[in-house]
Amino acid sequence: MALGLAAGIPVVAEFAQTGYVSKVPSAILAVGLVFCGALAFSTGCILDTVAKATRKRWELDVYRAEDEMRRRQR
């Protein structure tokens, strides 16, 4: 995402001065990089949430198994 912002700064500066974008490939590159960065960030957040839920479920299963073993040993 930072690369997209870095590639987009000259394009935005030129547009602010002239009202015209002559560096169209740079603008497309900047938009693509920012889009890919946002998509990667969103995917990372979703995967982190899924991993935390799975880890929590596993820990609860371990606690249940320990309780069952303790009850059987009594």
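Conventions used here
Residues numbered from 1 in each chain as written. Predicted model: local features only at pLDDT ≥ 70, side-chain atom pairs only at ≥ 80, totals over all residues. Heavy atoms only, no water. Helix = DSSP H or I, 4+ residues; strand = E, 2+ residues; numbered from the N terminus. Buried < 20%, exposed > 50% of the residue type's maximum accessible area, 1.4 Å probe, protein only. Areas by Shrake-Rupley, 256 points an atom, 1.4 Å probe, with all protein chains shown as cover. Axes fitted to C-alpha atoms, helices over the stretch in contact; angles between N-to-C directions. Parallel < 35°, antiparallel > 145°, perpendicular 65-115°, else oblique. Left-handed = near helix turned anticlockwise from the far one by under 90°. Contact = heavy atoms within 4.5 Å. Nonpolar A, V, L, I, M, F, W, Y, C, P; charged D, E, K, R; others polar.

**Student:** Please explain the overall build of the chain as it appears in this structure.
**Tutor:** If you tally the helices and strands in the chain, you get 2 helices and 0 strands. Referenced to the eigenvectors of the C-alpha coordinate spread, the extents of the chain come out at roughly 85 × 15 × 15 Å. Across the 74 residues in the chain, those meeting the buried criterion constitute 9%. For the chain, the accessible surface area stands at approximately 6,400 Å², while carbon and sulfur atoms represent 67% of it.

**Student:** Sorry, what's going on with the packing of helix H1 (residues 2-18) against helix H2 (residues 24-73) here?
**Tutor:** Put simply, H1 and H2 touch, their axes get as near as 8 Å, and they point 150 degrees apart. Classified by the angle their axes make, H1 and H2 are roughly antiparallel. Crossing hand, H1 versus H2: left-handed. Counting all contacts with H1, which are made through Leu-3, Gly-4, Leu-5, Ala-7, Gly-8 and Val-11, the residues of H2 involved are Ser-26, Ala-27, Leu-29, Ala-30, Leu-33 and Val-34. Tallied by class, residues from the contact of H1 with H2 come to 9 nonpolar, 3 polar and no charged.

**Student:** Honestly, the environment of Leu-3 in this entry has me stumped. Any pointers?
**Tutor:** Within the element layout of this structure, Leu-3 appears in helix H1. The class for Leu-3 is exposed, based on a relative accessible area of 63%. Between the C-alpha atoms of Leu-3 and Val-34, which are 31 residues apart in sequence, the distance is 7.6 Å.

Everything listed here is a matter of geometry and, on its own, says nothing about what the molecule does.
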